[in-house]
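Architecture and fold: a report
Take a look at the letters that make up each chain.
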Amino acid sequence: MADLRAIRDKIRALRAKTVKNGCTEAEAAAAAELAMRLMSTHGIDAEEVEQPEFEEAEEALAARRSAVDNLWPYVAMVCGCTLYLTGTGDRRRVVYFGLAPNPEIAAYVHDVCHGAVRRAVADFRQTPEYKRKRLARTRNELVRAFTEALVQRVGSRLVDMRFGIGWGDLKKLSRQAKQELDLRHTDLRTLPPIKTASQGARLGNARLAGAMAGNAVDINMGVAGQKDVKRLGGANHG
């Protein structure tokens with residue numbers, strides 16, 4: 001079966017080859033003829049060509065909810081997407097939905113951030129602060145407090161980065177995605193907030209360590225390495 005999305009993309013590219021855009025009259029005419037031929041062959045009309053393309057991309061989640069799940073709404077926000085949950089247990093998934101190629105970009109940013117958080121938590125488990133606690137419950141509380149602060153800081157950094165896109169454009173993209181998703185589905189599961197760890201002073205050092213780790217993780221280099229991140233679909237870049 002033909003990839004209709006690729007065909008529509010090709011038709012859009014052909015229709016953009018105009019004299020106004022720098023083509024000769026012969027080049028523009030040839031491009032227009034080929035575009036019409038493709039539209040006729042695949043039963044695509046002009047309105048369909050101009051219609052925004054929505055898509056989704058999913059990422060696996062841990063079987064049990066944890067503080068790291070609070071990071072994914074940040075990812076959706078800065079990529080102009082909305083999100084929902086699917087599956088249960090070890091089949092849990094977060095699905096990013098929006099204009100192409102934004103969900104694919106969100107999935108990439110998700111992977112970059114998830115890797116950074118996983119490495120930071122592993123490093124924290126090797127610190128004296130963690131190792132001197134003998135009870136599993138106490139260690140788990142430390143990790144949760146550390147991860148909460150880490151996720152909050154990484155999320156804030158993503159918001160600060162937002163790939164040079166204005167908040168107005170991002171909000172518009174997310175709103176369009178939410179409206180389209182609501183038309184397609186009526187019973188989707190969202191990401192509920194995770195219950196926070198105790199606010200006692202005894203977890204203060206773990207939170208401070210988490211915030212410092214959030215400042216140190218190298219998400220800029222990872223995200224900058226994906227050229228498509230710089231071109232969110234539907235956004236006006238300055």
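Scroll up a little and you will see the structure.
The text that follows walks through the structure, step by step, so that each part is easy to find.

Section: the sheet that holds strand β2 (residues 82-86)
If you walk across this open sheet you meet the three strands as β1-β3-β2, and the pairing is antiparallel. The outermost strands of the open sheet, each flanked by one partner alone, are β1 (54-60) and β2. Within the sheet, the average angular offset between the axes of one strand and its neighbour, ignoring direction, is 25 degrees. With five bridges joining them, β2 and strand β3 (residues 93-99) adopt antiparallel strand pairing.

Some remarks on the packing of aromatic side chains
What the rule picks out here adds up to three aromatic pairs. With a centroid separation of 5.7 Å and an interplanar angle of 5 degrees, the aromatic rings of F54 and F97 are classed as stacked. Of the two residues, F54 is situated in strand β1 and F97 in strand β3; the sequence distance between them amounts to 43 residues. For the residue pair F54 and F97, the accessibility class agrees, reading buried in each case. Here the aromatic rings of F124 and F146 are separated by 4.3 Å at their centres, their planes lie at 10 degrees, and the arrangement is stacked. Taken as a pair, F124 in helix α5 (residues 102-124) and F146 in helix α7 (residues 136-161) lie far apart in primary sequence, 22 residues in all. Overall, F124 belongs to the buried group, its relative accessible area being 4%.

Description of the packing of α5 against α7
Look at α5 against α7: their axes get within 10 Å of each other, and the N-to-C directions meet at 145 degrees. Relative to α7, α5 is oriented so that their crossing is right-handed. Along the contact surface, α5 presents V109, C113, V117, A120, V121 and F124, while α7 presents L142, V143, F146, T147, L150, V154 and L158. Taken together, the residues that form the contact of α5 with α7 break down as 12 nonpolar, one polar and no charged.

Points about unusual backbone geometry
The omega torsion across A100 and P101 is 5 degrees, close enough to zero to call that bond cis. Topologically, P101 is positioned in the loop between β3 and α5.

Description of helix α2 (residues 25-42)
Taking 1.5 Å as the rise per residue, α2 with 18 residues should run 26 Å; its terminal C-alpha atoms sit 26 Å apart, in good agreement. Every buried residue belonging to α2 is among A28, A31, A35, L38 and M39, and all of these are buried. In a view along the axis of α2, the buried residues occupy a sector of 100 degrees, so they form one face of it. Among the exposed residues of α2, those oriented more than 90 degrees off its buried face are E25, A26, M36, S40 and T41. One or two residues past the end of α2 sits G43, with phi positive at roughly 65 degrees.

Thresholds, definitions, all that
One numbering rule holds for all chains: residues counted from 1, following each sequence as written. The model is predicted, so local features are restricted to residues of pLDDT at least 70 and side-chain atom pairs to those at 80 or more, both for listing and for counting; the totals for chains, interfaces and linings are taken over all residues. Side-chain numbers come from the whole structure's heavy atoms, not from hydrogens or water. In this scheme, strands are said to pair when DSSP sees at least two bridges between them. Strands here mean DSSP runs of E at least two residues long; helices mean DSSP runs of H or I at least four residues long; both are numbered from the N terminus. Helix axes are fitted only over the stretch in contact, all axes being lines through C-alpha atoms; the angle between N-to-C directions runs from 0 to 180 degrees. Working definition: a ring pair exists when centres of Phe, Tyr or Trp rings (six-membered ring for Trp) sit within 6.5 Å. Plane angles under 30 degrees give stacked, over 60 give edge-to-face, the rest tilted. When a residue's accessible area, from a 1.4 Å probe over protein chains only, is under 20% of the maximum for its type it is buried; when over 50% it is exposed; and in between it is partly exposed. Crossings are classed by handedness, with left-handed meaning an anticlockwise turn of the near helix from the far one by less than a right angle and right-handed meaning a clockwise turn. Working rule for contacts: check all heavy atoms of both residues, and any pair within 4.5 Å makes them a contact. Under this grouping Gly is polar, as are all residues other than the nonpolar Ala, Val, Leu, Ile, Met, Phe, Trp, Tyr, Cys and Pro and the charged Asp, Glu, Lys and Arg. Each helix should span, by expectation, one fewer than its residue count multiplied by 1.5 Å. Throughout, the arc means the angular range of directions from the helix axis out to the C-beta atoms.

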